[in-house]
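Observations on the model geometry
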Amino acid sequence: MPFPLSAEQKQTAFWLAVWAAFIFLLITLGPVLTPFLAAAIFAYALNPAVDRLDRVRLGRRHTLPRAVSVTVVITLFFAALAAMVLIVVPVLQKEIPLLQAQIPAFLVKTNDLLAPRLRELGLNVRLDSAGMRQLATEQLAASGDAIWSAVLNSARVGGTAVLGWLATLTLIPVVLFYLLLDWPAMLARVARCVPRRYIEPTMGMAREVDTLLAQYLRGQLLVMLVLAVYYSVALGIAGFDVALPVGIITGLLVFIPYLGFGLGLVLALISAVLQFADWSGVIAVAVIYGVGQVLEGFFLTPRLVGERIGLHPLAVIFALLAFGQLFGFVGVLLALPASAVLMVAFRHLQRHYLGSTFYNA
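How each quantity is defined
Residues numbered from 1 in each chain as written. Predicted model: local features only at pLDDT ≥ 70, side-chain atom pairs only at ≥ 80, totals over all residues. Heavy atoms only, no water. Helix = DSSP H or I, 4+ residues; strand = E, 2+ residues; numbered from the N terminus. Buried < 20%, exposed > 50% of the residue type's maximum accessible area, 1.4 Å probe, protein only. Contact = heavy atoms within 4.5 Å. Areas by Shrake-Rupley, 256 points an atom, 1.4 Å probe, with all protein chains shown as cover. Core = buried A, V, L, I, M, F, W, Y, C linked by side-chain atoms within 4.5 Å. pLDDT = per-residue confidence, 0-100.

Digging into the overall build of the chain
- Of regular secondary structure, the chain possesses 13 helices and 0 strands.
- With 361 residues in all, the chain has 26% of them scored as buried.
- Within the chain, contacts between residues at least 6 apart in sequence are counted, and of these 65% link residues at least 24 apart.
- Here the chain displays about 23,900 Å² of accessible surface, and carbon together with sulfur accounts for 73% of that area.

Set out below in structure tokens:
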């Protein structure tokens, strides 16, 4: 016969079931929660600045209202993002027309280099402007209906995706404002929901996680600064006209894995093709960005970020690969902060295990 459950055990099972249903609901509503999750991450990062402004005194008894502090911090934050965009756009406006003018000459060089080898393989293909235009015309004529159908389907799917992104980008500032406005009250409400018997260890773990995440943010900012200086100086020494904006772009966007490096590499390669008549510019870009990637992946991130949150360099590399495999691009983005949280939980679990009768008996 099954053992009868006590009233306390029944309550525990009930609330565990409620929390499991709540987590399942959050997983199901994942796409809807994207702007709220992004806003929560920004709110956590920006809340210390809001708290500092809250302590600014307007007189002997009055301080700055929190709504004003939140508005100032959000305005400065999005102004910084706009400044980054304004750094990128002039570079693209300068390089894209020059690239369009250089494309015919680049195709002629490519055709002179590859066409003889392709003919040796039995492929009679011209890679210059006239040949590419003829190939495109033949493909359009052969499969016009299929191409138009694919274009229409892509436009329909892409239009829906664009509307979704626009809605997300519109919601993030609104959600961010209200989260920052009520951040202390929300934390207090969350603390009141924790069972009283677990409140002390839970608050202790929360303080440890907060300390580790703050160290992570400081370490990541230091990595971004070092790489921005490195790429700007290295490209400047190599003689690139756009060394400063491209170096700043590459360094500041390094917190988004692959995007910052990839965008900076593409801009540098375009500049090399436009500015240098030979292959010296491309070789310089390959060397600079190769060294930069090694510097970031094996020295800066493990040392400045991994050591600050107490993770071994091998653990940092494993966390990036594991979270990327499990959750894709978002997993790579959140790998190190999530690892810091898991590490705190593992420390407490290990301490409990070492103090248990199972271990000491």
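There is more to say, and it comes next.
A closer look at the nonpolar core
- Counting 26 residues, the largest nonpolar core has Leu235, Phe240, Val246 and Tyr289 as its most contacted members.
- Mapped onto this core, the elements with two or more residues apiece are helix H7 (199-237), helix H8 (243-252), helix H9 (259-275) and helix H10 (280-306).
- When residues no more than four places from it in sequence are discounted, the contact partners of tyrosine 289 are Tyr231, Leu235, Val246, Thr250, Phe261, Gly264, Leu265 and Ala268.
- Core analysis: the next-biggest nonpolar cluster, separate from the first, contains 13 residues, Leu46, Val50, Ile74 and Phe77 among them.

Brief notes about the confidence of the model for the chain
- The pLDDT averaged across the chain works out to 76; a share of 73% of its residues lies at or above 70.
- Confidence scores differ between elements of the chain, with helix H4 (residues 129-142) showing the lowest mean pLDDT of 53 and helix H6 (residues 183-193) the highest of 86.

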